[in-house]
Amino acid sequence: MAENSFQKIYTVVRQIPKGRVTTYGQIAHLVGNPRMSRVVGYALHVNPEPGVIPCHRVVNRKGELSGAFAFGGLGQQHLLLEAEGIEFLPDGRVDLRRYMWYGPEE
DNA sequence: TTAATGACCTATC
DNA sequence: CGATAGGCCATTA
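Residues numbered from 1 in each chain as written. Chains lettered and ligands numbered in written order. Predicted model: local features only at pLDDT ≥ 70, side-chain atom pairs only at ≥ 80, totals over all residues. Heavy atoms only, no water.

Side note on the nonpolar core
In this structure, I9, V13, V21, I27, V40, L44 and V58 are the most contacted members of the largest nonpolar core, which totals 27 residues. Counting only elements with at least two residues in this core, the list comes to α1 (4–14), α2 (24–31), α3 (37–46), β2 (58–59) and α5 (96–99). Not counting the four nearest positions on each side in its chain, V13 is found in contact with I27, L44, I53, P54 and V58. (Core = buried A, V, L, I, M, F, W, Y, C linked by side-chain atoms within 4.5 Å. Buried < 20%, exposed > 50% of the residue type's maximum accessible area, 1.4 Å probe, protein only. Helix = DSSP H or I, 4+ residues; strand = E, 2+ residues; numbered from the N terminus. Contact = heavy atoms within 4.5 Å.)

Rendered as structure tokens:
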């Protein structure tokens with residue numbers, strides 16, 4: 001099935017521990033294709049199962065969340081991440097140095 | 001099947 | 001340091 005790639009991405013995103021964030025490139029790396037970063041964004045864009053897939057824990061390389069949020073907006077993103085204990089920098093980004101999730105190894 | 005698009009990343013000017 | 005260009009992969013039309 002062509003959705004295999006998507007399924008893998010959703011699985012990885014679902015495995016993200018609470019109170020932690022990761023980047024599209026990192027997810028792509030966990031999926032097995034470090035260059036699938038764009039496809040990762042596309043997979044979350046369609047977001048076939050909102051509420052099940054914590055897209056708010058997926059940020060870009062800078063630590064910023066994508067402008068198009070399928071959950072309800074950046075406001076929801078801010079609340080969700082804050083509710084998980086994540087602090088936001090004055091720039092509106094997340095501190096990847098502390099909350100960057102490097103994989104199921106933890 | 002070909003062409004175009006995209007919630008990205010990296011390199012260069 | 002900030003902005004621009006190109007590249008990579010999969011999905012959709």
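Quick word on unusual backbone geometry
With a phi angle near 35°, N47 is a residue other than glycine that sits in the positive phi range. For N47, the position within the fold is in the loop between α3 and β2.

What to know about the protein's contact with DNA strand B
The immediate surroundings of DNA strand B are formed by 13 residues, with Y24, G41, L44, H45 and R61 found nearest. Close to the protein, within 4 Å, the atoms of DNA strand B belong to sugar or phosphate groups at a rate of 38%. One nitrogen or oxygen atom from the side chain of Y24 is found 3.1 Å from a base nitrogen belonging to DNA strand B. At 3.2 Å from a base nitrogen of DNA strand B is found a side-chain nitrogen or oxygen belonging to S66. Within the residue set of the surface near DNA strand B, elements represented by two or more residues are α2 and α3. Looking at which element gives the most residues to the surface near DNA strand B, the answer is α3, with five residues. For the surface near DNA strand B, the class distribution of residues is five nonpolar, six polar and two charged. (Near = heavy atom within 4 Å. Polar contact = N/O pair within 3.5 Å; in protein donor to acceptor, adjacent residues only side chain to side chain. Nonpolar A, V, L, I, M, F, W, Y, C, P; charged D, E, K, R; others polar.)

Some details on the packing of aromatic side chains
Taken as a whole and judged by the stated rule, the model has three aromatic pairs. Taking 6.3 Å as the distance between ring centres and 75° as the angle between the ring planes, the aromatic pair formed by F6 and Y42 counts as edge-to-face. Of the two residues, F6 sits in helix α1 while Y42 sits in helix α3, which places them 36 residues apart along the sequence. The class for Y42 is exposed, based on a relative accessible area of 52%. Through successive ring pairs, a cluster of aromatic residues spans F6, Y10 and Y42. (Phe/Tyr/Trp six-rings, centres within 6.5 Å; stacked < 30°, edge-to-face > 60°.)

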